Amino acid sequence: MTDDPTTALRNLLDGRLGRHDRRLRRFTEPQWLRYADLLAGALLVAARRRFVAGQDRAPLIRFVAAARERYDLTGMDVDPTLAETLLGAALGEQRLRTAPPRP
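What counts and what doesn't
Each residue is numbered by its place in its chain's sequence as written, counting from 1. Per-residue local features are limited, in this predicted model, to residues with pLDDT of at least 70; the limit for side-chain atom pairs, both in listing and counting, is 80 or more; totals at the level of whole chains, interfaces and linings are taken over all residues. Side-chain metrics in this entry use all non-hydrogen atoms of the structure; hydrogen atoms and water are not considered. Residues belong to one nonpolar core when they are buried, are Ala, Val, Leu, Ile, Met, Phe, Trp, Tyr or Cys, and are joined through side-chain atoms within 4.5 Å. Only protein chains enter the accessibility calculation, which uses a 1.4 Å probe; a residue is then buried when its area is under 20% of its type maximum, exposed when over 50%, and partly exposed in between. Where helices and strands are cited, they refer to DSSP runs of H or I of at least four residues and of E of at least two residues respectively, numbered from the N terminus. Here, two residues are considered to be in contact whenever any of their heavy atoms come within 4.5 Å of each other. Between N-to-C directions, angles cover 0 to 180 degrees, with each direction set by a line fitted to C-alpha atoms, over the stretch in contact for helices. Geometric relationships in this document are graded by angle, where less than 35 degrees denotes roughly parallel, more than 145 denotes roughly antiparallel, 65 to 115 denotes roughly perpendicular, and other angles denote oblique. The hand of a helix crossing depends on one turn: near helix anticlockwise from the far one by less than a right angle means left-handed, and clockwise means right-handed. A pairing counts as a salt bridge when a side-chain nitrogen of Lys or Arg comes within 4 Å of a carboxyl oxygen of Asp or Glu. Between N or O atoms, a polar contact is any pair within 3.5 Å; within protein, one atom must be a potential hydrogen donor and the other a potential acceptor, and residues adjacent in sequence are included only when both atoms are from side chains. Cavity means a closed set of points on a 1 Å grid over the protein atoms alone, one where a 1.4 Å probe fits but cannot get out, pocket means an open set with protein on both sides within 12 Å along at least 5 of 7 lines, and lining means a residue has an atom within 4 Å of a point. Grid points are joined across faces, edges and corners, and a volume is the space filled by probe spheres set on the points. Following the grouping adopted for this structure description, the nonpolar residues are Ala, Val, Leu, Ile, Met, Phe, Trp, Tyr, Cys and Pro, the charged ones are Asp, Glu, Lys and Arg, and the polar ones are all others, Gly among them.

## Description of the nonpolar core
- Judged by nonpolar contacts, Ala 47, Phe 51, Leu 60, Val 64, Ala 83, Leu 87, Ala 90 and Leu 91 together constitute the single largest core of 8 residues.
- Those elements that provide at least two residues to this core are α4 (58-71) and α5 (80-90).
- Of all the elements, α5 adds the most residues to this core, at 3 residues.
- Residues contacting Ala 47, with those up to four places away along its chain left out, are Leu 87, Ala 90 and Leu 91.
- Residues Ala 8, Leu 9, Tyr 35 and Leu 38 belong to the second largest nonpolar core, which totals 6 residues.

## Quick look at the packing of helix α1 (residues 5-13) against helix α2 (residues 17-25)
- Their axes nearest at 7 Å, the elements α1 and α2 cross at an angle of 155°. It follows from the interaxial angle that α1 and α2 lie roughly antiparallel. Crossing of α1 over α2 shows left-handed handedness. Judged by residue contacts, Thr 7, Ala 8, Asn 11 and Leu 12 of α1 engage Leu 17, Arg 19, His 20, Arg 23 and Leu 24 from α2.

## Some words on the pattern of salt bridges
- Taken as a whole and assessed by the stated rule, the structure comprises 2 salt bridges.
- A salt bridge links Arg 57 to Glu 93; the shortest N-O distance between them is 2.6 Å. Of this pair, Arg 57 sits in the loop between α3 (29-50) and α4 while Glu 93 sits in the segment after α5; the two residues are 36 residues apart in sequence, bridging distant segments of the chain.
- A salt bridge links Asp 72 to Arg 68; its shortest N-O distance comes to 3.6 Å.
- Taking the relative accessible area as the measure of exposure, Asp 72 reaches 6% and is therefore buried.
- According to the relative accessible area criterion, Arg 68 is partly exposed, its value standing at 23%.

## Some points on the side chain of Asp 72
- Mapped onto the fold, Asp 72 is located in the loop between α4 and α5.
- At 3.0 Å, the side chain of Asp 72 and the backbone nitrogen of Val 78 are in polar contact.
- Every residue in contact with Asp 72, bar those within four places of it in the chain, is listed here: Ala 67, Asp 77 and Val 78.

## Examining the layout of surface pockets
- By volume, the largest pocket is sized at about 760 Å³.
- Taken together, the elements giving at least two residues each to the lining of the largest pocket come down to α3, α4 and α5.
- At 6 residues, α3 tops the list of elements feeding residues into the lining of the largest pocket.
- Considered class by class, the residues forming the lining of the largest pocket number 13 nonpolar, no polar and 3 charged.

Structure representation (structure tokens):
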């Protein structure tokens, strides 16, 4: 079994989560950095295949809501604002959103 980041990403994408997690536990610092680069690249490709840069944000919002319904069992694991902002950034949006001030 190899512990390289590319194999770990393949396991993740294939739904082999047990294998994926075992590989992650053995990563060294350089492997973590490489894995982060691979994940970032995968996000860019996936976002640009699914959405169009400059489009209305409604499809991004619906996508994040659907993903949270399916994968966020507690309702606390996925921050919707962060997820939408991350997708927007992958599509080249330049603006940064800030949280509203707390009362």
